[in-house]
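So the chains spell out like this:
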Amino acid sequence: MSIFMKSIFLIIACCFLRSVSPNSQTYNAIFSFGDSLADTGNFLILDSSAFPVIGKLPYGETFFKHPTGRCSNGRLIVDFFAEAYGLPLLPPYLALKKGVKAEHGVNFAIAGSTAIAAKYFYSKNITILWTNMSLTDQLGWFQEVKAKICATQKDCREYLKQSLFIVGEIGGNDYNYPYFLGGSIKQLKALVPAVVETIIKATSVLIEEGAVELIVPGNLPIGCSAVYLTLFGTPNKAAYDNNGCLKSYNAFSKYHNAKLKLAIESLRKEYPHAKIIYADYYGAAERLFHAPKHYGFSNIFVACCGGGGPYNFNYSARCGHIGSKACLDSSSFVNWDGMHLTETAYHHIAKGLLNGPFTSPSLTFPPIKQI
Ligand SMILES: *[C@@H]1O[C@H](CO)[C@@H](O)[C@H](O)[C@H]1NC(C)=O
Ligand SMILES: *[C@@H]1O[C@H](CO)[C@@H](O)[C@H](O)[C@H]1NC(C)=O
Ligand SMILES: *[C@@H]1O[C@H](CO)[C@@H](O)[C@H](O)[C@H]1NC(C)=O
């Protein structure tokens, strides 16, 4: 190699290395909030008595090879985010007590959590199925962790400025609980403003605490979920869209998402220094139902793990309970247990968020690793 070639090579190598240098080009940390779509273990540590199978196989069978408290066979969207940014998988907040480090982020999400505080649902006689913890409790946990991180960081403001906050998905359970009790779409639409307001309030609290870049996700298309298809299925073909999802329930998700997007617009005006990103979970998931073969799926509605029925969701033999079993190849299934998605589905959703076009505006830092 000539000296000239060598120096060219060195220049390229230097600049390439610089472009993937972790401190300047990626997030310091990810702080995650939400429900079972994002929980990496809090519910299991807290009190999983309402969903004890979460602590048993086949939950966790695919990637971790043991149950972790994730409501899936493997990794979740937030795990793929951490991987893409070269960060360790986020520890659940409740694991910090065991000496786990918080410096690259913490996951405050709790499976079953609602956005609105539990007492609201109690006052309406709505049974809370899994946990009475809400987004407010998660914010309280964050404030506690922030105080500790800021005690050790030289410049806490800068540190938080280069951290990514993922505020959700949250709100899904605020609707699930009343829907499962027989609430109508019309009744539930009346709840949407309060749910959206709670999410927006939490986002503004985080900004006041120093968050600068935040992702606020919308809801998934619930009309494509095995539990909704089982509970609200009908012989009336006109109730289903071309993909086979329940139109009216998907329209409900879209209604929530539209209200959320509007509220985000106002929040952006209130905090012009912050970058508030809407994450279109609906769109990123709908692709899988629309073109399953493209993503390698052969089963889009039938749950991989369950105990029978047209969608393999049987309330008396849910995944992990006696009478249920898991499919052999979860990568060909979108739905994991009737309510949650498989690792493969979450992987495709994460790719759609990280590489576009389902985050708007797009994230400040591009992924440093291919996921
Ligand atoms: C809730 O249930 C209690 C006891 O059954 C009843 O007295 C009360 O009116 C109900 N409240 C609502 C909001 O339905
Ligand atoms: C929440 O649920 C726990 C049990 O999981 C219970 O001990 C606690 O009293 C409940 N809190 C409220 C405010 O209802
Ligand atoms: C649902 O599970 C129960 C209990 O295992 C079983 O008796 C029943 O046949 C199942 N239903 C369907 C539709 O497979």
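Scroll up a little and you will see the structure.
Residues numbered from 1 in each chain as written. Chains lettered and ligands numbered in written order. Predicted model: local features only at pLDDT ≥ 70, side-chain atom pairs only at ≥ 80, totals over all residues. Heavy atoms only, no water.

Chemist: Please clarify how the site of ligand 2 should be interpreted in this entry.
Modeler: Looking at ligand 2, the residues that line it are D47, Y122 and N132. D47 has a polar side-chain atom sitting 2.8 Å from an oxygen atom of ligand 2. (Near = heavy atom within 4 Å. Polar contact = N/O pair within 3.5 Å; in protein donor to acceptor, adjacent residues only side chain to side chain.)

Chemist: What should I look at first to understand the packing of helix α4 (residues 77-84) against helix α14 (residues 343-354) in this one?
Modeler: Between two packed helices, both the angle of their axes relative to each other and the distance between the axes serve to describe the pair. Across the interface, α4 lies against α14 with an axial gap of 8 Å and an inter-helix angle of 55°. Taken together, the axes of α4 and α14 lie oblique to each other. As α4 runs across α14, the sense of the crossing is right-handed. In this structure, α4 uses I77, F80, F81 and A84 to contact α14, whose residues at the interface are E343, Y346, H347, I349, A350, L353 and L354. Grouping the amino acids of the contact of α4 with α14 by side-chain chemistry returns nine nonpolar, one polar and one charged. (Axes fitted to C-alpha atoms, helices over the stretch in contact; angles between N-to-C directions. Helix = DSSP H or I, 4+ residues; strand = E, 2+ residues; numbered from the N terminus. Parallel < 35°, antiparallel > 145°, perpendicular 65-115°, else oblique. Left-handed = near helix turned anticlockwise from the far one by under 90°. Contact = heavy atoms within 4.5 Å. Nonpolar A, V, L, I, M, F, W, Y, C, P; charged D, E, K, R; others polar.)

Chemist: Just checking my understanding: could you explain the pattern of salt bridges for this structure?
Modeler: Side chains carrying opposite charge are able to pair once their charged atoms draw close together. Enumeration over the complete set of coordinates arrives at six salt bridges. In this structure, R75 engages E343 in a salt bridge whose closest nitrogen and oxygen atoms are separated by 3.0 Å. Separated by 268 residues along the polypeptide, R75 in the loop between α3 (42-47) and α4 and E343 in helix α14 bring together distant segments of the chain. For the pair formed by R75 and E343, the shared burial category is buried. Linking R268 and E265 is a salt bridge whose minimum nitrogen-to-oxygen distance equals 3.9 Å. With R268 and E265 both in helix α12 (residues 247-270) and three residues apart, the pair spans about one turn of that helix. What makes R268 partly exposed here is its relative accessible area of 27%. (Salt bridge = Lys/Arg side-chain N within 4 Å of Asp/Glu carboxyl O. Buried < 20%, exposed > 50% of the residue type's maximum accessible area, 1.4 Å probe, protein only.)

Chemist: Just to check I follow, could you spell out the packing of aromatic side chains for this structure?
Modeler: Each pair of aromatic rings is reported with the distance of its centres and the angle of its planes. The tally for this structure, following the rule as stated, stands at 27 aromatic pairs. With 6.1 Å between their ring centres and 70° between their planes, F33 and F142 make a pair best called edge-to-face. Note that F33 is positioned in strand β1 (residues 29-33) and F142 in helix α6 (residues 135-152), a separation of 109 residues in sequence. For the pair formed by F33 and F142, the shared burial category is buried. (Phe/Tyr/Trp six-rings, centres within 6.5 Å; stacked < 30°, edge-to-face > 60°.)

Chemist: Explain α4 to me, please; I cannot follow it from the model alone.
Modeler: Each α-helix turn comprises 3.6 residues. Residues three or four places apart therefore point the same way. Among the eight residues of α4, seven are classified as buried, and the element is accordingly described as predominantly covered. Considered for burial, the residues of α4 that qualify are I77, V78, D79, F80, F81, A82 and A84. Contacts from the buried residues of α4 go to β1, β2 (105-107), β3 (163-167), β4 (213-217), α13 (281-290) and α14. In the segment just after α4, G86 is the residue with positive phi, at about 65°.

Chemist: Is there a simple way to explain the environment of T114 in this structure?
Modeler: With respect to the helices, strands and loops of the structure, T114 is situated in the loop between β2 and α5 (118-123). It is 33 Å that separates the C-alpha atoms of T114 and K369, two residues lying 255 residues apart in sequence. For T114, the residues in contact, after removing those within four places along its chain, are F121, M133, S134, L135, I170, N173, D174 and Y177. Of the polar contacts made by the side chain of T114, one reaches the backbone oxygen of I116; its length is 2.7 Å.

Chemist: Looking at this structure, how should I read the nonpolar core?
Modeler: Generally speaking, a soluble globular protein has its nonpolar side chains buried in company with each other. In this structure, F31 and F81 are the most contacted members of the largest nonpolar core, which totals 122 residues. Here this core gets eight residues from one element, more than from any other, and that element is helix α10 (residues 192-209). Beyond its immediate stretch of four places on either side in the chain, F31 contacts G105, V106, F108, F142, I149, Y159, L160, S163, L164, F165 and I166. (Core = buried A, V, L, I, M, F, W, Y, C linked by side-chain atoms within 4.5 Å.)

Chemist: Would you mind going over the environment of P88 with me for this structure?
Modeler: Take P88: it is sitting in the loop between α4 and β2. Along the primary structure P88 and I45 are separated by 43 residues, whereas in three dimensions their C-alpha atoms are 20 Å apart. In this view, P88 contacts A82 and H104; residues no more than four positions away in its chain are not counted.

Chemist: When you look at the sheet that holds β3 in this model, what are you seeing that I'm missing?
Modeler: Two modes of strand pairing occur in sheets, parallel and antiparallel, and in both the strands are linked by backbone hydrogen bonds. Spatially, β2-β1-β3-β4-β5-β8 is the arrangement adopted by the six strands of the open sheet, whose pairing is mixed. Sheet topology places β2 and β8 (359-360) at the edges, where each strand pairs with a single neighbour. Bridging between strand β5 (residues 275-279) and β8 involves two bridges; their strand directions are antiparallel. Directly across from A279, in β8, lies its bridge partner T359. (Pairing = 2+ DSSP bridges.)

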